[in-house]
Amino acid sequence: MNKALTIAGSDSGGGAGIQADLKTFQELEVFGMSAITAVTAQNTLGVHGVYPMTPEAVVQQIQAIGEDIGTNAVKTGMLFSSDIIEAVSEQIRKYRWENLVVDPVMIAKGGASLLLQEAISAMKTHLIPLAKVITPNIPEAEVLTGLTIRSHEDKKEAALKLVELGVQTVVIKGGHDEDESESTDLLFDGSEFHTFTNQRIPTKNTHGTGCTFSAALTAELAKGSSIYDAVLTAKEFIQAAIEDGIDVGHGHGPTNHGAFRRRREFGNR
Ligand SMILES: Nc1ncnc2c1ncn2[C@@H]1O[C@H](COP(=O)(O)OP(=O)(O)OP(=O)(O)O)[C@@H](O)[C@H]1O
Ligand SMILES: Cc1ncc(CO)c(N)n1
């Protein structure tokens, strides 16, 4: 069985972070493993507490996997501090894990910071150059490039600037763009641009869309897919998950990680 490791934060509410990643890996028939970087007290209304792990605890979790089980792909999510980023980057280099997806998580939907300001430069210099794919949303791409992104052309300019950090492929996710009818993700592999467009679903239940999308992409890479095919599946996975979003809690509810598989097995009902 193919394996995937997520190095990310725990979301007690179950919709984002480690929980979203492991559910997604399972749905795509990949054996999921985790190294927890921080515990968050979180629900559909917001982040109520952030408790980072020590870098040593993160390293030990990664080593436990690296020394014994191994993995076909790795994704990173919430990393919180430069100390954790540096420790994680060193482990990824040590095990020569090249199938690396970096989701540069910075701010939760309610505005809580999941990455310290001081950690942005470590993310750019230590981690992103090791990645096969990075998957920023629009605000994250703005922070990483210093550009303002409004139009499709702006997204392209940001992608060109992001590959200069040393990453092979950039996917800028369109969840935050201003188009009310469609959500378009832009892929740039250093030479060609591709777009992935789906109808925008009018819903408040979008908690964890970014984590889920990048986890699906990671699972497909773990199975040996090309980056293009992996993004195609991830886009289909997140569309189904948002369409069948789960109405729990009083705020932004989670997506439905089981929707993609159920549709495959039983059709669209
Ligand atoms: N309302 C929507 N309808 C359809 N697709 C959407 C919608 N919102 C987001 N998406 C898609 O979901 C994926 C994640 O994008 P988004 O920009 O929301 O990530 P994110 O901001 O990192 O998410 P989060 O921080 O909540 O985990 C992308 O493929 C995007 O196009
Ligand atoms: C733990 C965690 N990681 C990532 C996100 C971004 O959605 C979140 N809300 N919580």
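Values in this document were obtained by computation on a predicted structure and should not be read as measured data.

Caption draft 1: A look at the overall build of the chain. Scanning the chain from terminus to terminus reveals 9 helices and 9 strands. Expected size for 269 residues packed as a compact globule is a radius of gyration near 18 Å; at 17 Å, the chain falls within 12% of this value. The buried share of the chain, taken over its 269 residues, is 53%. As displayed, the chain has an accessible area near 11600 Å², and 48% of this comes from carbon and sulfur atoms. Between the mean site of the 23 positive side-chain charges and the mean site of the 34 negative ones, the chain shows a separation of 3 Å.

Caption draft 2: Representation of the pattern of salt bridges. Summed over all chains, the structure comprises 13 salt bridges. Ionic pairing is found between Asp244 and Arg263, a salt bridge with its closest N-O pair at 2.9 Å. Placement of Asp244 in the loop between α8 (227–243) and α9 (259–266) and of Arg263 in helix α9 is noted, with a sequence separation of 19 residues between them. Since its relative accessible area comes to 21%, Asp244 is described here as partly exposed. Linking Arg261 and Glu265 is a salt bridge whose minimum nitrogen-to-oxygen distance equals 3.7 Å. Of this pair, Arg261 and Glu265 both sit in helix α9, separated by 4 residues, roughly a single helical turn. One network of salt bridges, with partners in common, ties together Glu243, Asp244, Arg262 and Arg263.

Caption draft 3: Geometry of the packing of aromatic side chains. Taken as a whole and judged by the stated rule, the model has 4 aromatic pairs. Between the aromatic rings of Phe237 and Phe260, the centroid separation amounts to 5.3 Å while the plane-to-plane angle is 40 degrees, which identifies the pairing as tilted. Taken together, the residues Phe237 in helix α8 and Phe260 in helix α9 connect sequence positions 23 residues apart. Taking relative accessible area as the criterion, Phe237 reaches 0% and is therefore assigned buried. Directly above the ring of Phe193 sits Lys156, whose terminal nitrogen or CZ lies 5.0 Å from the centroid.

How each quantity is defined
Residues numbered from 1 in each chain as written. Chains lettered and ligands numbered in written order. Predicted model: local features only at pLDDT ≥ 70, side-chain atom pairs only at ≥ 80, totals over all residues. Heavy atoms only, no water. Helix = DSSP H or I, 4+ residues; strand = E, 2+ residues; numbered from the N terminus. Rg over C-alpha atoms; globule rule 2.2 N^0.38 Å. Buried < 20%, exposed > 50% of the residue type's maximum accessible area, 1.4 Å probe, protein only. Areas by Shrake-Rupley, 256 points an atom, 1.4 Å probe, with all protein chains shown as cover. Lys, Arg positive; Asp, Glu negative; His and termini not counted. Charge placed at Lys NZ, Arg CZ, Asp CG, Glu CD. Salt bridge = Lys/Arg side-chain N within 4 Å of Asp/Glu carboxyl O. Phe/Tyr/Trp six-rings, centres within 6.5 Å; stacked < 30°, edge-to-face > 60°. Lys NZ or Arg CZ within 6 Å of the ring centre and 35° of its normal.

Shape descriptors only; they carry no functional weight alone.
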